[in-house]
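Each chain is listed here by its residues.
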Amino acid sequence: MSILKTQNLCKRYGRRPAVDNVSITVEKGDIFGLIGQNGAGKTTFMRLVTSLTRADSGEISLFGETTPARLTAARARIGSVIEAPALYGSLTAFQNLEYYRIQRGIADKNRVQQVLETVSLTDTGKKKFKNFSLGMKQRLGLAVAILSHPDFLIMDEPTNGLDPIGIIEMRDLIKRLSLEGITLLVSSHILSELAQVANKYAIIHNGRLLKSLTHDELQEECKQALAITVDDVAKASVVLETALGASNYKQVSANELRVYDRVEDPAEITFRLSQEGVRVSGITAVGDSLEDYYTKIIGGEPK
Ligand code: ATP
C-alpha cells in the first residue's frame with residue numbers, strides 16, 4: 001500500500017497552473033525528494049496533500065484512503081513543516097513543545113524530552129526561541145511536526161537558508177527519522193542536496209512533473225563513463241579485461257561499450273585497443289554532474 005498517491009493533481013491561481021497534472025506515488029519507507037526551482041509548485045503540491053489548499057481536480061490517496069472523511073482521518077497521521085509553525089519567541093524549546101503537547105492532548109509527558117533529543121535540542125536550557133540560530137529554529141519546527149508520532153512527514157525546503165553545518169545536521173536528522181520508520185516527502189531546489197538522502201525523486205517545473213526516478217537511476221544517469229565505439233565489441237571486451245584490467249563496463253549497442261573504470265585514461269584505452277587490432281572510431285566522456293543532469297531535464301522549459 002502506498003503512503004501517498006496523487007493522480008493528475010491540478011491547482012491554478014488565476015489562469016496560471018501552480019500544480020499541473022502531477023501524479024506521484026510515495027511508498028512506505030521512502031525519502032521522496034521533490035525537486036524544483038523557486039515557483040515550480042513544490043509548496044502548492046504539499047499544501048494540497050495536507051489540505052491547506054483545495055485541488056481544482058485530480059485525486060489524492062493517503063494511506064490508501066480517498067474519500068473526504070477518511071482522508072481527513074488519514075491526515076492526522078501526517079506531520080508537516082510547510083509553513084513556519086507559531087513558536088513563541090519568549091519561550092524556551094521545552095516550553096514551546098510543552099504548549100503543543102497540551103494543545104494536541106498528548107498524554108505522554110516524556111514526549112517533549114524525547115523529541116528534543118531527536119532534534120538535538122536538549123542542551124538549549126533557558127535559551128529563548130527568539131535567540132535561536134536559524135538551524136535551531138528549523139529543528140524546533142520539525143520537533144513540533146513529529147510530536148504526535150506521524151507516520152508520514154512532509155518537509156518544505158528544510159535546508160533553506162541554513163549554513164553548511166546546519167545542512168548536515170538537517171540531513172542527518174532526515175536519515176534518522178527515516179530509520180525510525182517515518183516516510184518522508186522533502187522538497188528542495190538543489191538536487192545534489194537531496195541526492196544524499198533521498199531514494200526517489202520527482203522533478204517538477206512550471207507545475208508539471210518532468211521526471212520521476214529512483215536513486216539508482218539517478219546514479220546511473222550521473223555516472224562518469226567513456227563511451228567507446230569500436231568495430232568488434234567482443235574483442236574490445238577481452239582487451240579491456242586482460243590488457244587494461246577494466247571489469248566495470250557494459251555493451252550498450254552493437255558497436256558501443258560504456259566503460260566505468262579508467263575513465264581518466266582515454267588515450268591509454270585507445271592505444272591498447274588499437275594495438276590489439278580493435279578499430280576505435282570514437283571515445284567520449286559521458287555522464288552528467290547532478291546539477292548538469294537537473295539543468296538538462298528542465299532545459300528548454302521556460303520559467
Ligand atoms: P518556492 O520555493 O519559491 O516557494 P515552490 O516550488 O514552492 O517555490 P509554489 O510556492 O508552489 O512554488 O508556487 C507555484 C506558483 O504558484 C508560483 O508561480 C507562485 O507565484 C504561485 N502561487 C503560489 N501560491 C499562490 C497564491 N496563494 N496565490 C497566487 N499565486 C500563488
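Since this is a predicted model, take the numbers as computed values, not measurements.

(A) Region of interest: helix α5 (residues 134-146). In this model α5 runs 19 Å from its N-terminal to its C-terminal C-alpha over 13 residues, within 8% of the 18 Å that 1.5 Å per residue would give. Counted residue by residue, α5 has ten buried out of 13 residues, so it is predominantly covered. Within the span of α5, buried status applies to Gly-135, Met-136, Arg-139, Leu-140, Gly-141, Leu-142, Ala-143, Val-144, Ala-145 and Ile-146. If you follow the buried residues of α5, they end up packed against β6 (78-81), α3 (93-103), α4 (111-118), β7 (152-155) and α6 (164-179).

(B) Structural context of the sheet that holds strand β12 (residues 249-253). The four strands are arranged β12-β13-β11-β14 in an open sheet whose pairing can be described as antiparallel. Looking along the sheet, the strands with just one partner apiece sit at the ends: β12 and β14 (280-286). Neighbouring strand axes in the sheet, compared pairwise and without regard to direction, differ in orientation by 25° on average. Here strand β11 (residues 225-230) pairs with β14 via six bridges, running antiparallel. Residue pairing for β14: Leu-226 is matched across the bridge by Ala-285.

(C) A look at empty space enclosed by the protein. For the coordinates displayed, the defined rule picks out one cavity of 30 Å³ or more. The space that makes up the largest cavity amounts to roughly 50 Å³. As for the largest cavity, its lining consists of Pro-158, Thr-159, Arg-171, Ile-174, Val-186, Ser-187, Ser-188, Glu-193, Leu-194 and Val-197. In terms of residue count, the dominant contributor to the lining of the largest cavity is strand β8 (residues 183-188) (three residues). Looking at the lining of the largest cavity residue by residue, the classes come out as five nonpolar, three polar and two charged.

(D) The arrangement of unusual backbone geometry in detail. Positioned with a positive phi, Asn-8 is a non-glycine residue whose angle comes to about 50°. Here Asn-8 is to be found in strand β1 (residues 2-13). The class of Asn-8 is partly exposed, set by a relative accessible area of 41%. The residue Ser-51 is not glycine, and still its phi comes out positive at about 60°. As for its placement among the helices and strands, Ser-51 is situated in the loop between α1 (42-49) and β5 (57-62). You can call Ser-51 partly exposed: its relative accessible area is 42%.

(E) Seen up close, the sheet that holds strand β4 (residues 31-35). As summarised here, the arrangement of the six strands in space is β6-β7-β8-β4-β9-β10, forming an open sheet in which the pairing is mixed. This sheet does not close on itself; its edge strands, each paired only once, are β6 and β10 (208-214). Each adjacent strand pair in this sheet contributes to an overall mean axis angle of 15°, direction not counted. Where β6 lies against β7, four bridges are found, and the strand directions are parallel. Of the residues in β7, the one forming a bridge with Val-81 is Met-155.

(F) The packing of aromatic side chains, seen in detail. A full pass over the atoms with the stated rule returns three aromatic pairs. Geometrically, the ring pair formed by Tyr-88 and Tyr-99 is edge-to-face, given 5.2 Å between the ring centres and 75° between the ring planes. Highlighted residues: Tyr-88 in the loop between β6 and α3 and Tyr-99 in helix α3, separated in sequence by eleven residues. Given a relative accessible area of 34%, Tyr-99 falls into the partly exposed group. When the ring centre of Phe-63 is taken as origin, the NZ or CZ atom of Arg-77, which lies over that ring, is 3.8 Å away. The cationic tip of Lys-137 hangs over the ring face of Phe-129; the distance from NZ or CZ to the ring centre is 5.5 Å.

About the cut-offs
- Within each chain, residue numbers correspond to sequence positions counted from 1 in written order.
- Totals for whole chains, interfaces and linings use every residue, but because this is a predicted model, local features are given only for residues with pLDDT of at least 70 and side-chain atom pairs only at 80 or more, for both listing and counting.
- As a rule here, side-chain values come from all non-hydrogen atoms in the structure, and water together with hydrogens is ignored.
- Only runs of H or I of at least four residues qualify as helices and only runs of E of at least two qualify as strands under DSSP, and these elements are numbered from the N terminus.
- The span one expects for a helix is its residue count, reduced by one, times 1.5 Å.
- Partly exposed describes any residue whose relative accessible area lies between the buried limit of under 20% and the exposed limit of over 50%, with all areas from a 1.4 Å probe on protein chains only and scaled to the type maximum.
- Here a residue-residue contact requires only that any non-hydrogen atoms of the pair lie within 4.5 Å.
- Pairing between strands requires that DSSP locate at least two bridges from one strand to the other.
- Each axis is a line fitted through C-alpha atoms, taken for helices only over the stretch in contact, and angles between the N-to-C directions span 0 to 180 degrees.
- Grid points spaced at 1 Å over the protein atoms alone were grouped into cavities, where a 1.4 Å probe fits but cannot get out, and pockets, open sets with protein on both sides within 12 Å along at least five of seven lines, with lining residues defined by an atom within 4 Å of a point.
- Grid points are joined across faces, edges and corners, and a volume is the space filled by probe spheres set on the points.
- Residues are grouped as follows: Ala, Val, Leu, Ile, Met, Phe, Trp, Tyr, Cys and Pro are nonpolar; Asp, Glu, Lys and Arg are charged; all remaining types, including Gly, are polar.
- Each aromatic pair joins two rings of Phe, Tyr and Trp (for Trp, the six-membered one) with centres within 6.5 Å, and gets the label stacked for planes under 30 degrees apart, edge-to-face for over 60, and tilted for any other angle.
- The criterion for a charge sitting over a ring is simple: Lys NZ or Arg CZ within 6 Å of the ring centre, and within 35 degrees of the ring normal.

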